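# Understanding the architecture of this molecule
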Amino acid sequence: MKKILTCHTMVRVLSLLLPLSLVLEHVLRTPGISRWYLCACIVPGIGVCLMSPLGYENPKPSLDFALTASLLTALCGWFASRLSFGTELLLCAGLVPIAVYSRWRQSRKYVNVRSLFRADSVWCSVEDSARESYVSALFGLGVLLMAAHAADAGPVWAGVMTAATAVFFVLNYLRVYSGRTGLIPKEKEKAIKEIIRGNLRGALPDVEVDEHMTAIYSKVTAYMDDKKPYLDDRFSMDDLATAVFCNRAYLSKAINCFSGRNFRQFANYYRVNYSIDLMKKDPHLKVMELAMMSGFHSVVTYNMAFKLYTGTTPSAYLQDLIRRRRQEHLSR
């Protein structure tokens, strides 16, 4: 059974419940609520939302921080609804926990130096930069709210700030829910992730590439595209070397240089793409049939390779393909 209440989900739920509970507590005690206080109630929710763990982070500490921050903020909200400076107190209660959390995460990042040189370090840096940007924006918004409230700005400004705070919360929630950073275009994010998975071909910077190696790799890709030797599950590096008239060591170097994969990964990449073409032609094929028709030894190997290169399983991909075709058929 698929686990539903993950740490990621619970942090998002807390980010929704916290503002609602603060507003509800105030309304039940004092009928009516000012727009400034409403803004102050939303800010802690944004802070908790920003505590959602990034892809490479251990999610348990994020949930612990979010729970602690929610409890402390709820306690501050109970006092805030009874004090004349309640709005300022609530804003501080929303900003301080995310500042502590952000600083703690940054310090933990450098505990294990080796992790800084992992294959997905570029994507990790993008996620880190995005979170820091949103935390800085939240603090800017909080300071602006405090200044506007202290200056006793009119109802128009109060309405504008309330709308801006609500929009900022919604955007952050959707960003966290979708797994996007919101810092760079979606296409760029997809390209980075594909490079990490080895889906994009590009020469490795520390390998010297010559014209002969380029020519060999061109022969290899042409042979793979035209002859489709990978459909034979016994297809080996020796078979490919014989076909393109190249020694095994030099061929392995060329494949690794241009594709970023070893021979097995290289062949499986073609097999996965071929199986996707089969799915599109006949989405009612079974996973076992797809595996055998695409040159895989077993369904297990096929599932692992498919998940590596597409981020989903063959079964899920087939179901999504069938669903989209039904929707297209109904829309006609």
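One structure accompanies this document, and this report is about it. (Residues numbered from 1 in each chain as written. Predicted model: local features only at pLDDT ≥ 70, side-chain atom pairs only at ≥ 80, totals over all residues. Heavy atoms only, no water.)

### Let's talk about the overall build of the protein
Put simply, the rule reads: Each helix is a run of DSSP H or I of at least 4 residues and each strand a run of E of at least 2, with the numbering of both proceeding from the N terminus. Throughout this description, buried means an accessible area under 20% of the type-specific maximum (1.4 Å probe, protein chains only), exposed means over 50%, and partly exposed covers the range between.
Scanning the protein for helices and strands turns up 14 helices and zero strands. In the protein, the succession of helices and strands from N to C terminus is α-α-α-α-α-α-α-α-α-α-α-α-α-α. The buried share of the protein, reckoned over its 332 residues, is 40%.

### Considering empty space enclosed by the protein
Gaps left between atoms are located by rolling a probe of water-molecule size over the structure's atoms. Threshold: Whether a set of points on the 1 Å grid over the protein atoms alone is a cavity depends on a 1.4 Å probe fitting there but being unable to get out, while an open set qualifies as a pocket with protein on both sides within 12 Å along at least five of seven lines; lining residues are those with an atom within 4 Å of a point. Grid points are joined across faces, edges and corners, and a volume is the space filled by probe spheres set on the points. Three residue categories are used. Nonpolar comprises Ala, Val, Leu, Ile, Met, Phe, Trp, Tyr, Cys and Pro, charged comprises Asp, Glu, Lys and Arg, and polar comprises the others, including Gly.
Scanning the model with the defined rule gives one cavity of 30 Å³ or more in all. The volume enclosed by the largest cavity comes to roughly 40 Å³. Lining the largest cavity are Leu18, Pro44, Gly47, Val48, Met51, Ala69, Thr73, Ala93, Gly94, Pro97 and Ile98. Where the lining of the largest cavity is concerned, the elements lending two or more residues are helix H2 (35-49), helix H3 (59-80) and helix H4 (86-109). The biggest single contributor to the lining of the largest cavity is H4, with four residues. Looking at the lining of the largest cavity residue by residue, the classes come out as eight nonpolar, three polar and no charged.

### A closer look at a nonpolar patch on the surface
Rules: Like charges are joined within 9 Å and nonpolar side chains (Val, Leu, Ile, Met, Phe, Trp, Tyr) within 5 Å, but only among residues with over 30% relative accessible area and no salt bridge; these make up the patches. Note that accessible areas follow from Shrake-Rupley with a 1.4 Å probe, and for residues the cover is restricted to the protein chains shown. When a carboxyl oxygen of Asp or Glu lies within 4 Å of a side-chain nitrogen of Lys or Arg, that pair is called a salt bridge.
Judged by side-chain polarity, Leu75, Trp78, Phe79, Leu83 and Phe85 come together as a nonpolar surface patch covering roughly 490 Å² of accessible area. Among the secondary structure elements, Phe79 is positioned in helix H3.

### A few points about the packing of helix H1 (residues 7-29) against H3
Keep this limit in mind: Axis definition: a line fit to C-alpha positions, over the contact stretch in the case of helices; interaxial angles, taken between N-to-C directions, run 0 to 180 degrees. To sort the angles, those under 35 degrees are grouped as roughly parallel, those over 145 as roughly antiparallel, those from 65 to 115 as roughly perpendicular, and the leftovers as oblique. Contacts are residue-level and defined by heavy atoms, with any inter-residue pair within 4.5 Å sufficient.
Where H1 contacts H3, the axes come no closer than 10 Å and their chain directions differ by 5 degrees. One element, H1, and the other, H3, form an angle in the roughly parallel class. Residue-level contacts link Cys7, His8, Met10, Val11, Leu14, Leu18, Leu22, Glu25 and Arg29 of H1 to Pro59, Lys60, Ser62, Leu63, Ala66, Leu67, Ser70, Thr73, Ala74, Gly77 and Trp78 of H3.

### Some remarks on the nonpolar core
This is how the line gets drawn: Throughout this description, the term nonpolar core refers to a set of buried Ala, Val, Leu, Ile, Met, Phe, Trp, Tyr and Cys residues connected via side-chain atoms within 4.5 Å.
The biggest cluster of nonpolar side chains holds 37 residues, and the ones touching the most others in it are Trp36, Ile46, Leu50, Leu90, Ile98, Leu138 and Leu145. Secondary structure elements with two or more residues in this core: H1, H2, H3, H4, helix H5 (121-150) and helix H6 (155-178). Trp36 has contacts with Thr87, Leu145, Ala148, His149, Ala153, Gly154, Trp157, Ala158 and Met161, leaving out every residue within four places of it along the chain. By size, the runner-up hydrophobic cluster in this structure holds 21 residues, among which are Met213, Ile216, Val220 and Phe235.

### A closer look at the pattern of salt bridges
On inspection of all chains with the given rule, the structure shows six salt bridges. When salt bridges that share partners are traced, they join Asp320, Arg323 and Arg324 into one network.

### Digging into the packing of aromatic side chains
So the rule is basically this: For Phe, Tyr and Trp, where Trp contributes only its six-membered ring, two rings pair if their centres lie within 6.5 Å, and the inter-plane angle classes them as stacked under 30 degrees, edge-to-face over 60, or tilted in between. Geometrically, a charge over a ring is one whose NZ (Lys) or CZ (Arg) sits within 6 Å of the ring centre while staying within 35 degrees of the ring normal.
What the rule picks out here adds up to 15 aromatic pairs. Look at Phe65 and Tyr101: their rings are 5.1 Å apart centre to centre, the planes differ by 70 degrees, and that puts the pair in the edge-to-face class. Taken together, the residues span a long stretch of sequence, with Phe65 in helix H3 and Tyr101 in helix H4 at a distance of 36 residues. Note on Tyr302 and Phe306: the rings are 5.7 Å apart at their centroids and 75 degrees apart in plane angle, and the pair reads as edge-to-face. Placement of both Tyr302 and Phe306 in helix H13 (residues 299-310) is noted, with a separation of four residues, approximately one turn of the helix. Feature note: the residues Tyr217, Tyr230, Phe258, Phe266, Tyr269, Tyr270, Tyr274 and Tyr309 constitute an aromatic cluster, connected by ring pairs. A cation sits over an aromatic face here: Arg271 above Phe296, 6.0 Å from the ring centre.

### Digging into the environment of Ile42
You can see Ile42 is positioned in helix H2. Along the backbone, Ile42 and Leu20 are 22 residues apart, and their C-alpha atoms lie at a distance of 8.4 Å. Apart from the residues within four sequence positions on either side, Ile42 is in contact with Pro19, Thr165, Ala166 and Phe169.

Honestly, it's all geometry; don't read function into it.
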